[in-house]
Each structure stands twice: as C-alpha cells, then as structure tokens.
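The lines below spell out each chain.
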Amino acid sequence: MAFTTVTLRHEQKTVSNIDIEHESKLPPKIGNLEHVSLVDFEKIPWFLVSHGPFKVFSSDDDTSEFFKTNLAAVAVTEPHIGILSKSQDPQTYVVFFFQDMSIRCFCIDFSTLERLFTASSSFETGTVDNVFYSALRPRSDTSVFDRVLESKSSRRNQYVAPKTTPSDTTTQLSVTPLNGDQIVQAVNRMTLSGLRLRGLNPSSGSTLSKDRVVIKELYHMTRKSALFALRKFNYGFNGATGQEVRLSDVQDVVERLLQAYADVEPPA
C-alpha cells in the first residue's frame, strides 16, 4: 500500500497534506490540484473513471476541517456532492467525495471522450479500418496458393464418394427445421437482405448519416420483433407447442415486419 500527498487550491486557500492511499499507480501531475466546482459524483459516467476510488487521509487539522465542512457536513442533506479539481494535466481531474463515513477520491480522464469520438467517427464513415479490427491488405501474388489448390483438386480422394445430382428425395432448405442459433442467424441475414432489397444499406458510403441511424433502428427493431414473433411456435394456448420453425417461416415473418415498418403505398 502506498500514499501520495497532494495539495488542493481552493479559492485563495491552499489545502495541503492530503494523503491518498492507493495500490495501483496514480496518474502523473496530480500533485497540485485546483478546485473547479461542486459536482454530483454519482452522475459522472463510469467510463471516464481511470483510477480509484481511493481513501483519503490527512494529519493536518486545517485539511481535516476543510473536508469536514465542505463534504462531510454537506453530505447530510446532499449525499452525492463531490469536489471536482483539475490537475496539471488538462485531461486529468480528481473528484473528492464523502462515502461510508470517510473521504474518498477517484481520477477521471477526459481524453477518453476524444478516443470515443474518433472511434465513433470511424464507425460512422464506414472505413475499412474501424473500431474493432483492421482489414488485412490483399495479397498481390496468389500464384503459390493457386498451384497448391490446383494440385489438390487434380488428386481424387478414393475415400470420398463422388458428388451426385440432386434428386427428388433431397430435402429443401426452406422446409428443413432450424434450431435456436440457426433461427437467430436466419433472422439477421434475412433482415439485412430485405433492407438491401429496398435500397437501405446502413454501411453504404452514399447514405446520409441521419438515414444510417434510421436504417440501423429499422434493422434492430425488425430483428427483435421477428425473434419475438417466432416464439409463437412454442406457445401452448395456440396448440403450437414444440412445432418446428423452418426457413420459410422466418422469411414470412421478416418480410411482413419490413412491410409494416418500411414500406409505404404510393398515393393514388
């Protein structure tokens, strides 16, 4: 356990000998803090918190009196009030607050907002390199792979039966029963396909940003509605308990929902 001593400039007074107890390393440049304002510390977004919370101690009577007056006494009527202070790093702030009969603090990092904005902009513009992955560069010379594939295809595997042409006994995909994961995948793909058939592509660079938001809402609403509607095949009151769901059922539900959500009859 380590202690870091900091000072807090409040109006014309310097509150010194503030000891922060911590196990992990604290952000740099927080030795000299300056009071900014009072805040509701419970409303600070959790993703901005970079370190803490930590317990705060002091052997200085004036410092103890400062926190007693400005936090402990105020917490009786306003338990969520905290003191927001900025460090020498313009992106790093420290919040002091009263909780569990003791003074505590945590650090917040506003550079997180810039990173989120950059990631969001990258996602909105539909770039190849987005938030989650970077696309691999296409290989310019594939001759080696072509030769390997050609040699493999020329050698017949004696243990594999030759392909036969489909017969009347072949089970059609549209009537094949689907399990839970297959239903979810089918709903996702058919919803995207139905939107694209209507000229609605959320990843298209030519689509306006406002329209992309609406198209994404249509996708998620249709997907959730379809999954909920397909639960009718498991209800008991309609006599469908245990009835199998087929691809044709999924297609019918998704298409009806897209007609309800996206299609408009032209005026006569």
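Everything numeric in this text was worked out from a predicted model, so none of it was measured.

Quick notes on the rules
- Residues numbered from 1 in each chain as written.
- Predicted model: local features only at pLDDT ≥ 70, side-chain atom pairs only at ≥ 80, totals over all residues.
- Heavy atoms only, no water.
- Helix = DSSP H or I, 4+ residues; strand = E, 2+ residues; numbered from the N terminus.
- Buried < 20%, exposed > 50% of the residue type's maximum accessible area, 1.4 Å probe, protein only.
- Areas by Shrake-Rupley, 256 points an atom, 1.4 Å probe, with all protein chains shown as cover.
- Pairing = 2+ DSSP bridges.
- Axes fitted to C-alpha atoms, helices over the stretch in contact; angles between N-to-C directions.
- Salt bridge = Lys/Arg side-chain N within 4 Å of Asp/Glu carboxyl O.
- pLDDT = per-residue confidence, 0-100.
- Contact = heavy atoms within 4.5 Å.
- 1 Å grid on protein atoms, 1.4 Å probe; cavity = no way out; pocket = protein on both sides within 12 Å on 5 of 7 lines; lining within 4 Å.
- Points joined across faces, edges and corners; volume = space filled by probe spheres on them.
- Nonpolar A, V, L, I, M, F, W, Y, C, P; charged D, E, K, R; others polar.
- Phe/Tyr/Trp six-rings, centres within 6.5 Å; stacked < 30°, edge-to-face > 60°.

Peer 1: Give a detailed account of the overall build of the protein chain, specifying residues and quantitative values.
Peer 2: Along its length, the protein chain carries 6 helices and 9 strands. Looking at the protein chain as a whole, 28% of its 268 residues are labelled buried. Total accessible area on the protein chain stands at roughly 18900 Å², and carbon and sulfur atoms take up 55% of it.

Peer 1: Mind laying out the pairing of strand β1 (residues 2-10), listing which residues take part and the relevant values?
Peer 2: Sheet topology places β1 next to strand β2 (residues 13-22); 8 bridges connect them, and they run antiparallel. When the sheet's bridge partners are listed, T4 is paired in β2 with I20. Taken together, β1 and the strand that follows it, β2, pair antiparallel across an intervening segment of 2 residues, in which E11 is found at a positive phi of about 55 degrees.

Peer 1: Before we move on, can you summarise the sheet that holds strand β5 (residues 81-86) with the specific residues and values?
Peer 2: In a beta sheet, neighbouring strands are held together by backbone hydrogen bonds and run either parallel or antiparallel to one another. Around the barrel, which closes on itself, the 7 strands sit in the order β1-β2-β4-β7-β6-β5-β3 with mixed pairing between neighbours. If you compare each strand with its neighbour and ignore which way they point, the axes differ by 40 degrees on average. Across 5 bridges, β5 lies against strand β6 (residues 92-99) in antiparallel orientation. Paired with G82 across the two strands is F97, which belongs to β6.

Peer 1: Please provide a residue-by-residue account of the pattern of salt bridges, values included.
Peer 2: Tallied over the full model, the rule gives 5 salt bridges. The residue D263 makes a salt bridge to R198 at a minimum N-O spacing of 2.8 Å. Here the residue D263 occupies a position in the segment after α6 (247-261), and R198 occupies one in the loop between α4 (180-197) and α5 (209-229), the gap between them amounting to 65 residues. Of the residues examined, D263 reaches a relative accessible area of 38% and is grouped as partly exposed. When the shortest N-O distance is used, the salt bridge between R246 and E244 registers 3.2 Å. When its relative accessible area of 26% is taken as the criterion, R246 is described as partly exposed. Salt bridges sharing common partners tie together R198, E255 and D263.

Peer 1: Tell me about the confidence of the model for the protein chain, and please be specific about residues and values.
Peer 2: Model confidence for the protein chain is summarised by a mean pLDDT of 78, while 74% of its residues fall at 70 or above. Taken together, the stretch residues 127-136 has pLDDT below 50 and engages in 10 contacts with residues farther than four places along the chain or on a different chain. Long-range and interchain partners of residues 166-171, a stretch whose pLDDT sits below 50, account for 1 contact in this model, where long-range means more than four residues apart.

Peer 1: Which residues make up the layout of surface pockets, and what values go with them?
Peer 2: Approximately 240 Å³ is the volume found for the largest pocket. Elements supplying a minimum of two residues to the lining of the largest pocket: β4 (49-57), α1 (61-72) and β7 (102-109). Ranked by the residues each element gives to the lining of the largest pocket, the list is headed by α1, at 5 residues. Looking at side-chain class alone, the lining of the largest pocket contains 8 nonpolar, 4 polar and 2 charged residues.

Peer 1: Account for the packing of aromatic side chains, naming residues and giving values.
Peer 2: Applying the stated criterion across every chain yields a total of 7 aromatic pairs. Each ring, one from F41 and one from F97, has its centre 4.5 Å from the other, and the planes form 25 degrees; the classification is stacked. One end of the pair, F41, is in the loop between β3 (32-40) and β4; the other, F97, is in strand β6, with 56 residues separating them in the sequence. Geometrically, the ring pair formed by W46 and F47 is edge-to-face, given 6.2 Å between the ring centres and 85 degrees between the ring planes.

Peer 1: So what's going on with unusual backbone geometry? Which residues, and what values?
Peer 2: A cis amide bond links G52 with the next residue in sequence, P53, at an omega value of 5 degrees. Relative to the helices and strands, P53 resides in strand β4. Its identity is not glycine, yet N17 carries a phi of approximately 55 degrees, on the positive side. Within the element layout of this structure, N17 appears in strand β2. The exposure class assigned to N17 is partly exposed, which follows from its relative accessible area of 34%.

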